[in-house]
Amino acid sequence: MALIIGVLAYRWYTTTPSAALRRQFRRALWILAVVLLAVALLTGKLNGLVALLGVLLAFIVRLMPVLLNYAPQLHRLWRIFKESPDDRRRQPPRAPEPDMTREQALQILGLKPGATEQEIVAAHRILIAKMHPDRGGSDYLAAQINLAKKILLGR
């Protein structure tokens, strides 16, 4: 029952347009939490709440390494969750990334104009072996090296 009330309250809170109403709702929730805590203290049920809090804390501590493995994904989901639909519509579209020129591609692979396909492949193989992310290199550099090869080979 409390879960259903919580879900309905959350839906009302997220669809309420007025910031003043949301502030009043938050204040009412804090007052309700303090009153419930006082009632639990006066009726002797506070020990159960403290025990539940201890179990939850131990569970979170045990779960922390797993959560940290997924931190980037969780952060992205949190940003999406906190972002309102209006914010998503207001963001300007991303500008396309600038294209790499043939001269830049030759410079990245360390080649001179007129390089053969075998020279391009060999230079790519040597550089990607050094700069691959699996070997401690950068994702960005590996992508630039791959893009340079793609441009020079015309694929």
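Conventions we followed
Residues numbered from 1 in each chain as written. Predicted model: local features only at pLDDT ≥ 70, side-chain atom pairs only at ≥ 80, totals over all residues. Heavy atoms only, no water. pLDDT = per-residue confidence, 0-100. Helix = DSSP H or I, 4+ residues; strand = E, 2+ residues; numbered from the N terminus. Patch = residues over 30% accessible without salt bridge, like charges linked within 9 Å, V, L, I, M, F, W, Y side chains within 5 Å. Areas by Shrake-Rupley, 256 points an atom, 1.4 Å probe, with all protein chains shown as cover. Salt bridge = Lys/Arg side-chain N within 4 Å of Asp/Glu carboxyl O. Buried < 20%, exposed > 50% of the residue type's maximum accessible area, 1.4 Å probe, protein only. Expected span 1.5 Å × (residues − 1). Arc of directions from axis to C-beta. Contact = heavy atoms within 4.5 Å. Polar contact = N/O pair within 3.5 Å; in protein donor to acceptor, adjacent residues only side chain to side chain. Lys, Arg positive; Asp, Glu negative; His and termini not counted. Charge placed at Lys NZ, Arg CZ, Asp CG, Glu CD. Axes fitted to C-alpha atoms, helices over the stretch in contact; angles between N-to-C directions. Parallel < 35°, antiparallel > 145°, perpendicular 65-115°, else oblique. Nonpolar A, V, L, I, M, F, W, Y, C, P; charged D, E, K, R; others polar. Core = buried A, V, L, I, M, F, W, Y, C linked by side-chain atoms within 4.5 Å.

1. Description of the confidence of the model for the chain
Logical step 1: Scored by pLDDT, the chain has a mean of 80; 85% of the residues are at 70 or more.
Logical step 2: Across the chain, helix α7 (residues 117–131) holds the top mean pLDDT of 90, while helix α5 (residues 85–90) sits lowest at 60.

2. Concerning a nonpolar patch on the surface
Logical step 1: On the surface, F59, I60, M64, V66, L67, L68, Y70, L74, L77 and I80 cluster together into a nonpolar patch covering about 920 Å² of accessible area.
Logical step 2: Elements that contribute at least two residues to the nonpolar patch include exactly α3 (46–69) and α4 (71–82).
Logical step 3: Residue contributions to the nonpolar patch peak at 6 residues, all from α3.
Logical step 4: On the accessibility criterion, F59 (51% relative accessible area) is exposed.

3. Remarks on helix α8 (residues 139–153)
Logical step 1: If you check α8, its first and last C-alpha atoms are 21 Å apart, about what 15 residues at 1.5 Å a residue would give, namely 21 Å.
Logical step 2: Among all positions of α8, only A142, I145, A148, L152 and L153 are buried. Buried residues of α8 fall within an arc of 120 degrees about the axis and therefore sit on the same side. Within α8, the exposed residues directed more than 90 degrees away from the buried face are D139 and Y140.
Logical step 3: Against α6 (102–109) and α7 lie the buried residues of α8.
Logical step 4: The backbone nitrogen of Y140 lies 3.1 Å from a side-chain oxygen of the residue at the head of α8, namely S138.
Logical step 5: Looking one or two places after α8, you find G154, whose phi comes out positive at around 70 degrees.

4. Let's talk about a positive patch on the surface
Logical step 1: The grouping of R23, R26, R27 and K82 at the surface amounts to a positive patch.
Logical step 2: Residue contributions to the positive patch peak at 3 residues, all from helix α2 (residues 19–43).
Logical step 3: Inspection of the secondary structure assignment puts R23 in helix α2.

5. Concerning the packing of α7 against α8
Logical step 1: Running from N to C, α7 and α8 cross one another at 175 degrees; their axes reach a closest spacing of 10 Å. The angle between the axes of α7 and α8 places the two elements in the roughly antiparallel class. On α8, the residues that touch E117, I120, V121, H124, L127, I128 and M131 of α7 are L141, A142, I145, N146, K149, L152 and L153.
Logical step 2: Grouping the amino acids of the contact of α7 with α8 by side-chain chemistry returns 10 nonpolar, 2 polar and 2 charged.

6. Concerning the nonpolar core
Logical step 1: The biggest cluster of nonpolar side chains holds 14 residues, and the ones touching the most others in it are A105, L109, L111, I120, A148 and L152.
Logical step 2: The biggest single contributor to this core is α8, with 5 residues.
Logical step 3: Leaving out residues up to four positions away in the same chain, A148 has contacts with M100, A105, I108 and L109.

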